[in-house]
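Here are the chains, one letter per residue:
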Amino acid sequence: MSSDTPVTVDVWADIVCPFCYIGEARLRKAADASVEIVPRAFQANPEGGERESVLTYLARKFGGSEEQVAASQQRIVDLAHAEGLPFTNDRVVGDTLPAHRLIAEAAEDSAALALDVREAIQRGHFGGTLDITDHAALLDVAVEAGLDRAKGEAVLASDTHAETVRGEHAQASAMGATGVPFTVVGERFGIPGMVETDQYAQVIARVREA
């Protein structure tokens, strides 16, 4: 295959997963114009969870004080900033299903729009400017990224795409994914976890050479 042969890359990710956020930025850098990145949903906490500070959540989950958690997160902060991504520990977590459902609605138009909506929501969340549990704010960010407002409003006023989100999560689990990011290149090569930009590029090239 030539270097401009179309390649599809499916990426399962959760909105609040920092490694998904950083990994997707690296993948975008590795992808050329003939690579289609298709966002897929995966909820690390399918039960939703209450709205709370990310440091409070991590301290409760892993133990230790919020100060200790913040110190342990510095490596992730540095990795994000190295990719030119906004990132702060001053953010809140909560149910990601509404965000995933808006992304699924965008996917009805195109994978490119869905990817743009996901990236915009991630940037808002990790940059500390978006409370993902605030549906009005969530919709504003999705609309700014290109989603039709009326369609987004209809999604948030219903349970539209909930089964799509759960189905995509189940699909990843069936392929052996126990966490995210989980990337499948050309429907052939799986990449568990976040890797470097050049590793994404190498797998894309490998698919083209096969």
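## Observations regarding the overall build of the protein chain
Here comes step 1: When helices and strands are tallied, the protein chain shows 10 helices and six strands.
Here comes step 2: Taken along its principal axes, the extent of the C-alpha atoms in the protein chain is 50 × 40 × 30 Å.
Here comes step 3: Looking at the protein chain alone, contacts between residues at least 24 apart form 76% of all its contacts between residues at least 6 apart.
Here comes step 4: Each charge sign in the protein chain was given a centre, from 18 positive and 33 negative side chains, and these centres are 4 Å apart.

## Section: helix 5 (residues 97-107)
Here comes step 1: Most of helix 5 sits out of view: 10 of its 11 residues are buried.
Here comes step 2: Packed against the buried residues of helix 5 are strand 1 (7-13), strand 2 (35-41), helix 6 (111-126), helix 7 (135-144), helix 8 (149-156) and helix 9 (162-174).

## Topic: the packing of helix 7 against helix 8
Here comes step 1: With their axes 10 Å apart at the nearest point, helix 7 and helix 8 run at an angle of 145° to one another. In this structure, the crossing between helix 7 and helix 8 has a hand that is right-handed. Facing H135, L139, D140 and V143 of helix 7, the residues of helix 8 in contact are R149, G152, E153 and L156.
Here comes step 2: Taken together, the residues of the contact of helix 7 with helix 8 break down into three nonpolar, two polar and three charged.

## Here we look at the side chain of R91
Here comes step 1: In this fold, R91 is placed in the loop between helix 4 (74-82) and strand 4 (92-93).
Here comes step 2: It is D90 that comes nearest to the buried, bridge-free R91 among opposite-charge side chains, at 8.8 Å.

## Details of the pairing of strand 6 (residues 189-192)
Along any regular strand, the residues point their side chains to alternate faces of the sheet.
Here comes step 1: With burial as the criterion, only one face of strand 6 is covered, namely that bearing F189 and I191; the residues G190 and P192 on the opposite face remain uncovered.
Here comes step 2: As defined by bridge partners, strand 5 (residues 182-185) adjoins strand 6 across four bridges and the pair is classed as antiparallel. Note that in strand 6 the partner of V185 across the bridge is F189.
Here comes step 3: Counted along the chain from strand 5 to the antiparallel partner strand 6, the turn is three residues long, and its residue G186 has a positive phi close to 60°.

## Description of the pattern of salt bridges
If charged atoms from side chains of opposite charge come close, those side chains can pair.
Here comes step 1: In the structure shown here, the tally under the stated rule is 14 salt bridges.
Here comes step 2: Between E196 and R26 there is a salt bridge, with its nearest N and O atoms 3.8 Å apart. Of this pair, E196 sits in the loop between strand 6 and helix 10 (197-209) while R26 sits in helix 1 (residues 18-30), placing them 170 residues apart in sequence.
Here comes step 3: A residue is classified by how much of its surface remains accessible, and E196, at 42% relative accessible area, is partly exposed.
Here comes step 4: The partner of R123 in a salt bridge is E119, with the nearest N and O atoms 3.6 Å apart. Taken together, the residues R123 and E119, both in helix 6 and four residues apart, mark about one turn of the helix.
Here comes step 5: Here the residues in one salt-bridge network are R26, K29, E83 and E196, joined through shared partners.

How each quantity is defined
Residues numbered from 1 in each chain as written. Predicted model: local features only at pLDDT ≥ 70, side-chain atom pairs only at ≥ 80, totals over all residues. Heavy atoms only, no water. Helix = DSSP H or I, 4+ residues; strand = E, 2+ residues; numbered from the N terminus. Contact = heavy atoms within 4.5 Å. Lys, Arg positive; Asp, Glu negative; His and termini not counted. Charge placed at Lys NZ, Arg CZ, Asp CG, Glu CD. Buried < 20%, exposed > 50% of the residue type's maximum accessible area, 1.4 Å probe, protein only. Axes fitted to C-alpha atoms, helices over the stretch in contact; angles between N-to-C directions. Left-handed = near helix turned anticlockwise from the far one by under 90°. Nonpolar A, V, L, I, M, F, W, Y, C, P; charged D, E, K, R; others polar. Salt bridge = Lys/Arg side-chain N within 4 Å of Asp/Glu carboxyl O. Pairing = 2+ DSSP bridges.

Taken by themselves, the reported measurements are silent on function.
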